[in-house]
Amino acid sequence: MRFAQVNGVAIHYSVIGSADEKPVIVFSNSIGTDFRIWDGVVERLAGDFAIVLYDKRGHGLSDLGTPPYTIADHVADLAGLLDHLAVRRAVVCGLSVGGLIAQGLCAERPDLVEVMILCDTAVRIGGDEMWNQRIEAVTRSGLASIAEMVLERWFTERMRGGGGPELAGYRNMLVRTPAEGYVGTCVAIRDADFTAQARAIAKPVLCIVGDQDAATPPSLVAETAALIPDAGYLVIAEAGHLPCIEQPELTAAAIRTFIAQQSEQGAD
């Protein structure tokens, strides 16, 4: 395990491969998860790319810090980690709140971003009332009280209906997230809006979404892609909010293809 002290917070991270020799892909996770959600994707990309994974503050093995947070807090943590690792011009792949973090990083530190892949995310996710209700529920009754609702948004009926140890494992990941870290990040998502910044993005961007995503549905992700100049848009079949888990092969292939397209265009 590796840890870096960033902005007064111990950030848990992993590096696979050498950032000196290969394009670097940085993965940023959704709320209520840690970087293990990318395992199936990483297995298919490792060897061809250097990979950076990390747990944002309040999640996984990273410190709690001082909640509630802002997206700017999460952006500063990722920027600080990449500075610590001397990573520049990365492919930044963010899922859900990780996509908001990626957008913020692109706006604040464009030197760190070469390409963005925005998975199941948008310029604004949900409304104030929804997030306030979730904050109240978790504060009052803990994460277990919303677990089934969250799993319905994360996964397709096919995966939920199958049950089994895998679904139980992802539920455990959610409910074992520190409640303060989860609520703190809910506040950050509630207050984030990158609509204005999206129109000014000058990096290659691919927007990906599961066809059965109940949290950031395809229509919302398509609206975000339409705001970003020349952004690509791809729907992953038979996937909910976390296609990296339900469809890792298709997700990895989309990432690989988009990076290859940018390399080819850069060589022209």
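Residues numbered from 1 in each chain as written. Predicted model: local features only at pLDDT ≥ 70, side-chain atom pairs only at ≥ 80, totals over all residues. Heavy atoms only, no water.

Chemist: Where do I start with the overall build of the protein chain in this structure?
Modeler: When its secondary structure is counted, the protein chain shows 12 helices and eight strands. Summarising its shape, the C-alpha atoms of the protein chain cover approximately 55 × 40 × 35 Å along the three principal directions. Burial status across the protein chain gives 52% buried among its 268 residues. For the protein chain, long-range pairs separated by at least 24 residues make up 74% of all intrachain contacts whose partners lie at least 6 apart in sequence. For the protein chain, the accessible surface area stands at approximately 11,000 Å², while carbon and sulfur atoms represent 49% of it. Considering the protein chain, the positive charge centre built from 21 side chains and the negative charge centre built from 34 side chains are found 3 Å apart. (Helix = DSSP H or I, 4+ residues; strand = E, 2+ residues; numbered from the N terminus. Buried < 20%, exposed > 50% of the residue type's maximum accessible area, 1.4 Å probe, protein only. Contact = heavy atoms within 4.5 Å. Areas by Shrake-Rupley, 256 points an atom, 1.4 Å probe, with all protein chains shown as cover. Lys, Arg positive; Asp, Glu negative; His and termini not counted. Charge placed at Lys NZ, Arg CZ, Asp CG, Glu CD.)

Chemist: What is the right way to look at empty space enclosed by the protein in this model?
Modeler: Left-over empty space is what a probe sized like a water molecule reveals as it rolls over the atoms. Enumeration over the complete set of coordinates arrives at one cavity of 30 Å³ or more. For the largest cavity, the calculated volume is near 160 Å³. Secondary structure elements with two or more residues in the lining of the largest cavity: α4 (128-141), α5 (147-154) and α8 (179-190). For the lining of the largest cavity, a count of residues per class yields nine nonpolar, five polar and two charged. (1 Å grid on protein atoms, 1.4 Å probe; cavity = no way out; pocket = protein on both sides within 12 Å on 5 of 7 lines; lining within 4 Å. Points joined across faces, edges and corners; volume = space filled by probe spheres on them. Nonpolar A, V, L, I, M, F, W, Y, C, P; charged D, E, K, R; others polar.)

Chemist: Honestly, the sheet that holds strand β6 (residues 113-119) in this entry has me stumped. Any pointers?
Modeler: Pairing between the strands of a sheet comes from backbone hydrogen bonds, and it takes one of two forms, parallel or antiparallel. Taken together, the eight strands give an open sheet; going across it, the order is β1-β2-β4-β3-β5-β6-β7-β8, and neighbouring strands pair in mixed fashion. Because the sheet does not close on itself, it has two edges, and the strands there are β1 (2-6) and β8 (232-236). Shown here is a sheet whose adjacent strand axes are inclined to one another by a mean of 25 degrees, direction ignored. Strands β1, β2 (9-16), β3 (24-28) and β4 (50-54) of the sheet are contacted by helix α2 (residues 71-84), whose axis makes an angle of about 115 degrees with β1. Contacts between helix α3 (residues 97-108) and the sheet are confined to β3, β4, β5 (90-95) and β6, with β6 contributing the most and set at about 155 degrees to the helix. (Pairing = 2+ DSSP bridges. Axes fitted to C-alpha atoms, helices over the stretch in contact; angles between N-to-C directions.)

Chemist: Explain the pattern of salt bridges here, please?
Modeler: Opposite charge on two side chains permits pairing when their charged atoms draw close. Throughout the structure, instances matching the rule amount to 13 salt bridges. As a salt-bridge pair, R109 and D111 come within 2.9 Å of each other at their nearest N and O atoms. Taking relative accessible area as the criterion, R109 reaches 21% and is therefore assigned partly exposed. D111 sits in the partly exposed class, given a relative accessible area of 36%. When the shortest N-O distance is used, the salt bridge between R158 and E238 registers 3.5 Å. (Salt bridge = Lys/Arg side-chain N within 4 Å of Asp/Glu carboxyl O.)

Chemist: Got a minute to help me understand the packing of aromatic side chains in this structure?
Modeler: Two aromatic rings are characterised by how far apart their centres lie and by the angle between their planes. Scanning all chains against the criterion turns up three aromatic pairs. Pairing F27 with W38 gives two aromatic rings, centres 4.5 Å apart and planes at 35 degrees, and the pair type is tilted. Taken together, the positions of F27 in strand β3 and W38 in the loop between β3 and α1 (39-45) put the pair 11 residues apart, joining distant regions of the chain. Like W38, F27 is buried. (Phe/Tyr/Trp six-rings, centres within 6.5 Å; stacked < 30°, edge-to-face > 60°.)

Chemist: I'm lost on the side chain of Q247 in this one. Help?
Modeler: Of note, Q247 is situated in the loop between α11 (243-246) and α12 (248-267). For Q247, the residues in contact, after removing those within four places along its chain, are R158, I236, A237, E238 and A239.

Chemist: Can you help me understand the packing of α4 against α8 in this one?
Modeler: Each pair of packed helices gets described by two things: the angle between the helix axes and the distance between those axes. Relative orientation of the contacting elements α4 and α8 amounts to 170 degrees, with a least axis distance of 10 Å. Taken as axis vectors, α4 and α8 run roughly antiparallel relative to one another. Of the residues in α8, those in contact with D128, W131, N132, R134, I135, V138 and T139 of α4 are A179, Y182, V183, C186, V187, I189 and R190. (Parallel < 35°, antiparallel > 145°, perpendicular 65-115°, else oblique.)

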